[in-house]
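Close look at the chain arrangement
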Amino acid sequence: MAVETAPVSVSPAGGLPSAQRRGTLFIVSGPSGVGKGTLVRGLVARDGDVRLSVSVTTRSPRPGEQEGVSYHFKTREAFDALARAGALLEHAQFGAHHYGTPREWVEAQQAAGHDVILEIDVKGAIQVRERSESVVLVFVLPPSFEELAARLQGRQSETPEVVRQRLEIAREELTFLPMYDYQIVNDDLEVATRQLQAILEAERCRVSRLALT
């Protein structure tokens, strides 16, 4: 029995069609203390074609932070103007401060063929997924909640009450796992980094992401 396939156009010279790929948007989420920031930075250092988005925030710079590198620091008025204009892919409030992802920069990087990674929480991921079905969501898990608690306590910068609150938030965030496309257990950083890189490579090979001409 013959199987019908959709025709693929070829170039006038008779060669294979050329493929132009728009960059893919990846979101990496996970509980505080799971090591997602270290994981993402490790991937960016290995892969020259992936870009890490720099968030906009209303908080003041901390010692050592640089404008445009750590964050884009904005006044509350400027941040609200960006949100009203639709210039943020997602935004949320944490404590007294607001954070968001600049839409124009992300879309420009994608148009240039670069993959973009957003390191944001599940609420931000939901906002982006609602606006774009093509986004790829990756959730980073700890080996166990006991290990997560040990990592948080190892920071020695938070009280036991804050650690308890973060663990409660982590359990709540875990309920959103079914909406994600992939999960990575960050037990071994090297293994986890390779897994994240494999996810990017697999998504880059998707025919649906290629514009054949």
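Per chain, residue numbering runs from 1 following the sequence as it is written. Local features in this predicted model are restricted to residues of pLDDT 70 or higher, and side-chain atom pairs are both shown and tallied only at a pLDDT of 80 or more, whereas totals for entire chains, interfaces and linings draw on every residue. Each side-chain value is worked out from all heavy atoms of the structure, with water and hydrogens disregarded.

Any carboxyl oxygen of Asp or Glu that lies within 4 Å of a side-chain nitrogen of Lys or Arg is treated as forming a salt bridge with it. Under the counting rule described, the total for this entry stands at 13 salt bridges. Note that Arg-164 is salt-bridged to Glu-168, the shortest N-O span being 2.2 Å. One end of the pair is Arg-164 and the other is Glu-168, both in helix H6 (residues 160–174) and four residues apart, which spans about a single turn. A salt bridge links Glu-190 to Arg-194; its shortest N-O distance comes to 3.3 Å. Note that Glu-190 and Arg-194 are positioned in helix H7 (residues 189–204) at a spacing of four residues, about one turn of the helix. For helices the rule is a DSSP run of H or I covering at least 4 residues; for strands it is a run of E covering at least 2, with both sets numbered from the N terminus onward.

Before going further, it helps to spend a moment on the sheet that holds strand E10 (residues 182–185). Note: strands within a sheet are paired through backbone hydrogen bonds, in either parallel or antiparallel orientation. Strand pairing is assigned whenever DSSP identifies at least 2 bridges connecting the two strands. Strand order in the open sheet formed by five strands is E3-E8-E2-E9-E10, and the pairing between neighbours is parallel. The strands lining the two open edges of the sheet, one partner per strand, are strand E3 (50–52) and E10. Taken over all neighbouring pairs, the strand axes of this sheet differ in orientation by 25° on average, direction set aside. Note on contacts: a residue pair is in contact if any heavy atoms of the two residues lie within 4.5 Å. A fitted line through C-alpha atoms represents every axis, and for helices the fit uses only the stretch in contact; the resulting angles, taken between N-to-C directions, go from 0 to 180 degrees. The strands that helix H3 (residues 103–111) touches are strand E2 (25–29), E3 and strand E8 (115–119); relative to E8, the one it contacts most, it runs at about 150°.

On the secondary structure map, Ser-29 appears in strand E2. In this structure the side chain of Ser-29 is engaged in a polar contact, spanning 2.7 Å, whose partner is the backbone oxygen of Ile-120. Residues within four places of Ser-29 in sequence aside, it is in contact with Lys-36, Ile-120, Asp-121, Val-122, Ala-125, Val-138, Phe-139, Val-140 and Tyr-180. Here a polar contact is recorded for every N or O atom pair within 3.5 Å, except that within protein the pair must consist of a potential hydrogen donor and a potential acceptor, and residues adjacent in sequence are included only if both atoms are side-chain atoms.

For every residue, the accessible area obtained with a 1.4 Å probe (protein chains only) is divided by the maximum for its type, and the residue is called buried under 20%, exposed over 50%, and partly exposed between those limits. E8 sits mainly inside the fold: four of its five residues count as buried. Relative to E8, E2 runs parallel, the two being bridged by four bridges. The residue bridging Phe-26 from the neighbouring strand is Ile-117, located in E8. Here E3 runs beside E8; their pairing, made up of three bridges, is parallel. Each bridged residue has a counterpart across the sheet, and for Val-50 the counterpart in E8 is Asp-115.

Attention shifts here to the sheet that holds strand E7 (residues 97–102). Pairing in this open sheet of four strands is mixed, and the strands run E5-E4-E7-E6 from one edge to the other. Each edge of the sheet is formed by a strand with only one pairing partner; in this case those strands are strand E5 (72–73) and strand E6 (88–94). For strand E4 (residues 56–57) and E7, the ladder comprises two bridges, and the chain directions are antiparallel. If you follow Val-56 over to E7, its bridge partner there is Gly-100.

Joining through side-chain atoms within 4.5 Å is the link that ties buried Ala, Val, Leu, Ile, Met, Phe, Trp, Tyr and Cys residues into a set, and such a set is a nonpolar core. Membership of the largest hydrophobic core comes to 16 residues, with the highest contact counts inside it found for Phe-26, Val-28, Ile-117, Val-138, Ile-184, Leu-196 and Leu-200. Contributing elements (two or more residues each) for this core: E2, helix H1 (36–46), strand E9 (136–141) and H7.

This part covers the packing of H1 against H7. For the pair H1 and H7, the least separation of the axes is 9 Å and the interaxial angle reads 60°. With respect to their mutual orientation, H1 and H7 come out oblique. H7 is crossed by H1, and the crossing has right-handed handedness. Seen from H1, the contacting residues are Thr-38, Leu-39, Gly-42, Leu-43 and Arg-46; seen from H7, they are Leu-189, Glu-190, Ala-192, Thr-193, Arg-194, Leu-196, Gln-197 and Leu-200. Side-chain classes are defined by residue name, with Ala, Val, Leu, Ile, Met, Phe, Trp, Tyr, Cys and Pro counting as nonpolar, Asp, Glu, Lys and Arg as charged, and the others, Gly among them, as polar. Classifying every residue of the contact of H1 with H7 by side-chain character gives six nonpolar, four polar and three charged. Roughly parallel refers to an angle under 35 degrees, roughly antiparallel to one over 145, roughly perpendicular to one between 65 and 115, and oblique to any angle outside these ranges. When the near helix sits turned anticlockwise from the far one by under a right angle, the crossing is termed left-handed; a clockwise turn instead gives a right-handed crossing.

The next subject is the packing of aromatic side chains. Any two rings among Phe, Tyr and Trp, with Trp reduced to its six-membered ring, count as a pair given centres within 6.5 Å; such a pair is stacked if its planes are under 30 degrees apart, edge-to-face if over 60, and tilted if neither. Summed over all chains, the structure comprises four aromatic pairs. By the ring-pair criterion, three or more aromatic residues cluster together here, those being Tyr-71, Phe-73, Phe-94 and Tyr-99. Over a ring means this: the NZ of a Lys or the CZ of an Arg is within 6 Å of the ring centre and within 35 degrees of the ring normal. Lying over the aromatic face of Phe-145, Arg-171 brings its terminal NZ or CZ to 4.1 Å of the ring centre.

Our next topic: the confidence of the model for the protein chain. Reading fine detail from the predicted coordinates is not recommended where pLDDT is low. Averaged over the protein chain, the pLDDT score is 88; the fraction of residues at 70 or greater is 90%. In predicted models, pLDDT denotes the confidence assigned by the predictor to each residue on a 0 to 100 scale. Here strand E11 (residues 210–212) stands out as the element of the protein chain with the lowest mean pLDDT, 60, in contrast to E10, whose mean of 98 is the highest. A low-confidence stretch, residues 8–13 (pLDDT under 50), is modelled with four contacts involving residues beyond four sequence positions or located in other chains.

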